[in-house]
Amino acid sequence: GCGNEYAKRANEKIVKTYSQRKIDAFYDTEGAYKFIKYDFSSMMVLLLMMLASGTIFTCEKTTEMRLILKSSKNGRNRLNFVKIVSGVISAELIFLLFRLTDVLTFCSRFDIRCFGNQIYSIQEFQNTPLSCTIGEYFIIDTGYKMLVILVMELLYLFISAVSVDEIISFCTAFAAT
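The structure contained in this document is the topic of the report that follows. Values in this document were obtained by computation on a predicted structure and should not be read as measured data. (Residues numbered from 1 in each chain as written. Predicted model: local features only at pLDDT ≥ 70, side-chain atom pairs only at ≥ 80, totals over all residues. Heavy atoms only, no water.)

Further remarks concern the pattern of salt bridges. Counted by the stated rule, this structure contains 3 salt bridges. Its salt-bridge partner being Lys-145, residue Asp-141 comes within 3.6 Å of it at the nearest N-O pair. Pair noted here: Asp-141 and Lys-145 are both in helix H7 (residues 134–162), with a separation of 4 residues, about one helical turn. Considered together, Asp-141 and Lys-145 belong to a single accessibility category, that of buried residues. Connected through salt bridges with shared partners, the residues Asp-39, Arg-99, Asp-141 and Lys-145 form a single ionic network. (Salt bridge = Lys/Arg side-chain N within 4 Å of Asp/Glu carboxyl O. Helix = DSSP H or I, 4+ residues; strand = E, 2+ residues; numbered from the N terminus. Buried < 20%, exposed > 50% of the residue type's maximum accessible area, 1.4 Å probe, protein only.)

For an α-helix the count is 3.6 residues per turn, leaving residues at separations of three or four pointing the same way. The end-to-end C-alpha distance of helix H3 (residues 40–53) is 20 Å, a good match for the 20 Å that 14 residues give at a rise of 1.5 Å each. Among all positions of H3, only Ser-41, Ser-42, Val-45, Leu-46, Met-49, Met-50 and Ser-53 are buried. (Expected span 1.5 Å × (residues − 1).)

So, on to the packing of aromatic side chains. Under the counting rule described, the total for this entry stands at 2 aromatic pairs. On the basis of an interplanar angle of 25° and a centroid distance of 6.3 Å, the ring pair of Phe-170 and Phe-174 is categorised as stacked. Taken together, the residues Phe-170 and Phe-174, both in helix H8 (residues 166–176) and 4 residues apart, mark about one turn of the helix. Looking at Phe-174, the relative accessible area reads 54%, which means it is exposed. (Phe/Tyr/Trp six-rings, centres within 6.5 Å; stacked < 30°, edge-to-face > 60°.)

What follows is the structure, given as structure tokens:
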């Protein structure tokens, strides 16, 4: 009635987002919430990546292997590409292994029948605009974490490439994390 079209559109969007919600089945969602908020294994993957990737390129500098690699036909550029690809693949595989371990652990400790429920059936997520199931949210969360692992691995490899010492590389990667 006041002519505030912006507030009208915002309120219509809120009504559209939240009006169709319903929860068909009620389960204990405590385990699902704990699983969603569990990030310890992701931090352990980052720590493993720092330790593994911190020496990939700096080791060449400290052992003066760069001179030998420059003299080979396909040495430097091809080897760098292979190191980057293998670092990324190994980081993602380690993350997926940790994630699988997390799933098995949480499935054995908590009731997971609630994974078919909507994400807003978890009390802490009741105001979320998302309308996916808990299982779908888990898949989305895994995808985002894989993207973060990819970016962090590339950052660690870059730090390793520009650092002159392994300790400096690790400390810089730790500070960046």
